[in-house]
Amino acid sequence: MAFKVTWLGHGTYWLEIGAYKILLDPFIDDNPSATGSAADYDPDFILLSHGHMDHIADTAPIANRIGCLVITNVEISRWLRDGHGVENISGHQPGAGATFPFGHVEFTIAVHGSGLPDGAHGGLAMGFVIRAEGKTVYFACDTGLFSEMQWLGEYGLDAAFLPIGDNFTMGPDAALKAVQILKPKIAVPKHFGTWPPIEQDGAAWVKRVSDETDSEGVLMEINGTLEL
Ligand code: NI
Ligand code: MN
């Protein structure tokens, strides 16, 4: 049993938690960083942080093909059910938590929009703290820096996956500050390099993490897997 994380590029991850497969923020077919296709993935669960296209894009096609449970916020749940035929949905809100077969998910706040691709109201953007297989792992998803990260820092995080792209989320400096208050064992950058507006030097950032904080900075490669 293990908690394995594979980066598919941008904000998209393939998680293997014990016997379960989870796709986080499915953006594959139109993701310039991804090498595979959405048709290759057969998750047991989809975790969806917010309504923006670069996170939600492949959710309905995969969910409708596989019938996996989509875990997201209440407003996106309704949008997927009423407009896109997704039946198997679990809707939540930031600040709440819920237990699933693979472990417990806390839906954290995220300072970010969540408008859906057709302009519908997508509720509030979220991040996830996943407790499973003896690990506590924070996926910040798209967010700016927020002071409640200090409380998440009391959880004893094994890992934090943080956006560093700037323009739409935390940039390198804010993400470094996030590492200082989250105090994870390892910090992994994401949501950069996909397009020119979010071009960043991931290697330089993880070096800063290791040099300037008590955490270890870890740079994942696309399709690379990290066992926590
Ligand atoms: Ni976004
Ligand atoms: Mn995004």
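A brief structural summary. (Residues numbered from 1 in each chain as written. Chains lettered and ligands numbered in written order. Predicted model: local features only at pLDDT ≥ 70, side-chain atom pairs only at ≥ 80, totals over all residues. Heavy atoms only, no water.)

1. Some points on the pattern of salt bridges
Side-chain pairs of opposite charge can arise where the charged atoms are in close proximity. We count it as follows: Criterion for a salt bridge: a side-chain nitrogen of Lys or Arg within 4 Å of a carboxyl oxygen of Asp or Glu. For every residue, the accessible area obtained with a 1.4 Å probe (protein chains only) is divided by the maximum for its type, and the residue is called buried under 20%, exposed over 50%, and partly exposed between those limits. Runs of E in the DSSP output that reach at least two residues are strands. Runs of H or I that reach at least four are helices, and both are numbered from the N terminus.
For the structure shown, the criterion picks out 7 salt bridges. With a shortest N-O distance of 3.0 Å, Arg-81 and Asp-82 are connected by a salt bridge. Assessed through its relative accessible area of 43%, Arg-81 is described here as partly exposed. Between Arg-208 and Asp-173 there is a salt bridge, with its nearest N and O atoms 2.8 Å apart. Here the residue Arg-208 occupies a position in helix H6 (residues 202–212), and Asp-173 occupies one in helix H5 (residues 172–182), the gap between them amounting to 35 residues. What makes Arg-208 partly exposed here is its relative accessible area of 28%.

2. Concerning the sheet that holds strand E4 (residues 45–47)
Counted only if it meets this: Pairing between two strands is assigned when DSSP locates at least 2 bridges connecting them. Note on geometry: axes are lines fitted to C-alpha atoms, helical ones only across the stretch in contact, with angles between N-to-C directions running from 0 to 180 degrees. What makes two residues a contact is simply this: any of their non-hydrogen atoms within 4.5 Å.
An order of E6-E5-E4-E3-E2-E1-E14 is seen for the 7 strands of this open sheet, with the pairing classed as mixed. The open sheet has two edge strands, strand E6 (89–92) and strand E14 (225–227), and neither has a second partner. Neighbour-to-neighbour, the strand axes of this sheet turn through a mean angle of 20°, independent of strand direction. Note that E4 and strand E5 (residues 69–73) share 3 bridges and pair parallel. Counterpart to Phe-45 in the pairing with E5 is Leu-69. Packing of helix H2 (residues 59–66) onto the sheet brings it into contact with strand E3 (20–24), E4 and E5, and relative to E4 it is tilted by some 165°. Sheet strands touched by helix H3 (residues 74–84): E5 and E6. Its angle to E5, the strand with the most contacts, is close to 135°.

3. Regarding the coordination of the manganese ion (ligand 2)
Heads up, the rule is: Donor atoms are limited to N, O and S found within 2.8 Å of the metal ion, a distance that becomes 3.2 Å for Na, K and Ca. With water left out, some sites might look partial.
The protein atoms that coordinate the manganese ion (ligand 2) are Asp-54 (OD), His-55 (NE2), Asp-142 (OD) and His-191 (NE2), at distances of 2.1 to 2.2 Å. All donors of the manganese ion (ligand 2) come from a single chain, and their spacing in sequence reads D-H-x86-D-x48-H. Here His-55 falls in the buried class, since its relative accessible area comes to 1%.

4. Some details on the sheet that holds strand E8 (residues 103–109)
An order of E7-E8-E9-E10-E11-E12-E13 is seen for the 7 strands of this open sheet, with the pairing classed as mixed. Each edge of the sheet is formed by a strand with only one pairing partner; in this case those strands are strand E7 (97–100) and strand E13 (216–217). Sheet strands touched by H5: strand E10 (135–139), strand E11 (159–163) and strand E12 (186–190). Its angle to E11, the strand with the most contacts, is close to 160°.

5. What to know about the environment of Thr-99
In this structure, Thr-99 sits in strand E7. Thr-99 gets classed as exposed once you look at its relative accessible area, which sits at 63%.

6. Topic: H3
Rules: What the arc describes is the spread of directions from the helix axis to the C-beta atoms. Pairing of N or O atoms within 3.5 Å defines a polar contact, subject to two protein rules: one partner must be a possible hydrogen donor and the other a possible acceptor, and residues neighboring in sequence count only if both atoms are side-chain atoms.
Residues of H3 that are buried include every one of Ile-76, Ser-77, Trp-79 and Leu-80, and no others. Buried residues of H3 fall within an arc of 165° about the axis and therefore sit on the same side. In this structure, the buried side of H3 is in contact with helix H1 (53–56), H2, E5 and E6. One side-chain oxygen of the residue at the start of H3 lies 3.2 Å from the amide nitrogen of Glu-75, identifying that residue as Asn-73. One or two steps after H3, the chain reaches Gly-85, where phi turns positive at roughly 70°.

7. Thoughts on unusual backbone geometry
A positive phi angle is found at His-10, which is not glycine, with a value near 60°. The exposure class of His-10 is buried, given its relative accessible area of 0%. Positioned with a positive phi, Cys-141 is a non-glycine residue whose angle comes to about 55°. Counting through the fold element by element, Cys-141 comes out in the loop between E10 and helix H4 (149–152).

8. Here we look at the environment of Gly-83
Looking at the element boundaries, Gly-83 is found in helix H3. Measuring from C-alpha to C-alpha, the distance between Gly-83 and Lys-4 comes to 33 Å, with 79 residues separating the pair along the chain.

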